[in-house]
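Descriptive analysis of the structure
Take a look at the letters that make up each chain.
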Amino acid sequence: FPHWDGAWAATPGVTTFHDLLHLDMDGPVGLAKRVYARTWMARMASHSAALITGSAHTAAQVIAEFPAAAGRITPIHHGVADVFFAAKASESHAPYLLTVGNKRPHKRFETAIRAFARLAAERPNLQLVMVGPRGPHCAVLHGLAEQLGVAGRVLDLEALSDAELAQR
C-alpha cells in the first residue's frame, strides 16, 4: 500500500499493510483519498490470500477496521541489514535519537522533534539525527525545531547507504 493496482487484480495475492495512516482523519491526506483508501483496503483485506503487517499493533488495527482480515494476517517485523549488527558505537559521537525515512508529512517527523525537545532539556549532549531524502516539508520540520529551541541539535542528513548509516 498505496500501490493501488493490487485491489483489482484477478488473482488474490499477499498484501502488506504498513499502517492505516490514510484513514486517519487528522492525517496528511484529503477526504477523497481517505475514501478511496478505505475502499481499496477493504477489498484487499477481503480478497487477498494473505496479509502482512510490520507489527502486532498494526495487525490489530487492520482487523478492527476490516474484520475480513482476521485469520489471514501475520505480523512480520522489519528486518535489519547485517551491517548494523557489525557496527560498534563510537566513543566520539554524542548520544542521539535516530529517525530514518523520507521527510514527508505522513512520516510524522514532527513527533520525533517534539519528543526530542522534551528529552533535550534533561540531556544536554543528546542530538536528533534525521536521515532521509529532503523535500519541501523539511522547512516545516526545521521551523518546528527552531520554535522548540532545539534547531542547533538537530542534524538533517540526506539519504545514506546502510554502510554509511551504520558508521554514524
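Remember, it's a predicted structure, so these values are computed and weren't measured experimentally.

Judged by nonpolar contacts, the single largest core of 14 residues is most densely connected at Phe-17, Leu-20, Leu-23, Met-41, Val-62 and Phe-66. Only helix H1 (31–47) and helix H2 (56–65) provide two or more residues apiece to this core. Top element by residues in this core is H1. It accounts for five residues. Setting aside its immediate chain neighbours within four residues, Leu-23 contacts Arg-34, Ala-37, Arg-38, Met-41, Glu-65 and Phe-66. In this structure, Phe-109, Ile-113, Ala-117 and Val-150 belong to the second largest nonpolar core, which totals 13 residues.

Okay, the environment of Asp-24 next. Summarising the element assignment, Asp-24 is placed in the loop between strand S1 (14–17) and H1. For the pair Asp-24 and Arg-34, spaced ten residues apart in the sequence, the C-alpha separation amounts to 7.8 Å. With near-sequence residues (within four places) excluded, Asp-24 lies in contact with Arg-34 and Arg-108.

Moving on: the environment of Ala-81. By the element assignment, Ala-81 lies in the loop between strand S3 (73–75) and helix H3 (82–86). Looking at Ala-81, the relative accessible area reads 28%, which means it is partly exposed.

This paragraph deals with the side chain of Thr-53. One can find Thr-53 in strand S2 (residues 50–53). Engagement of the side chain of Thr-53 in a polar contact is seen with the backbone oxygen of Ser-55, the distance being 2.8 Å. Ignoring any residue separated from it by four or fewer positions in sequence, one finds Thr-53 in contact with Phe-17, Thr-58, Ala-59, Val-62, Ile-73, Thr-74, Pro-75 and Ile-76.

Turning our eyes to something else, we now look at the pairing of S1. Because side chains alternate across S1, one face comprises the buried residues Thr-15 and Phe-17, and the other comprises Val-14 and Thr-16, none of which is buried. As paired elements, S1 and S2 share four bridges and run parallel to each other. The residue bridging Phe-17 from the neighbouring strand is Thr-53, located in S2.

Before going further, it helps to spend a moment on helix H4 (residues 109–120). The first and last C-alpha atoms of H4 sit 16 Å apart over twelve residues, in line with the 16 Å expected at 1.5 Å per residue. Of all the residues in H4, the buried ones are Phe-109, Glu-110, Ala-112, Ile-113, Phe-116, Ala-117 and Ala-120. Each buried residue of H4 sits inside an arc of 155° when the element is viewed along its axis, so together they form one side. For H4, the elements touching its buried residues are strand S4 (96–100), strand S5 (127–131), helix H5 (138–147) and strand S6 (154–157).

Conventions we followed
Residues numbered from 1 in each chain as written. Predicted model: local features only at pLDDT ≥ 70, side-chain atom pairs only at ≥ 80, totals over all residues. Heavy atoms only, no water. Core = buried A, V, L, I, M, F, W, Y, C linked by side-chain atoms within 4.5 Å. Buried < 20%, exposed > 50% of the residue type's maximum accessible area, 1.4 Å probe, protein only. Helix = DSSP H or I, 4+ residues; strand = E, 2+ residues; numbered from the N terminus. Contact = heavy atoms within 4.5 Å. Polar contact = N/O pair within 3.5 Å; in protein donor to acceptor, adjacent residues only side chain to side chain. Pairing = 2+ DSSP bridges. Expected span 1.5 Å × (residues − 1). Arc of directions from axis to C-beta.

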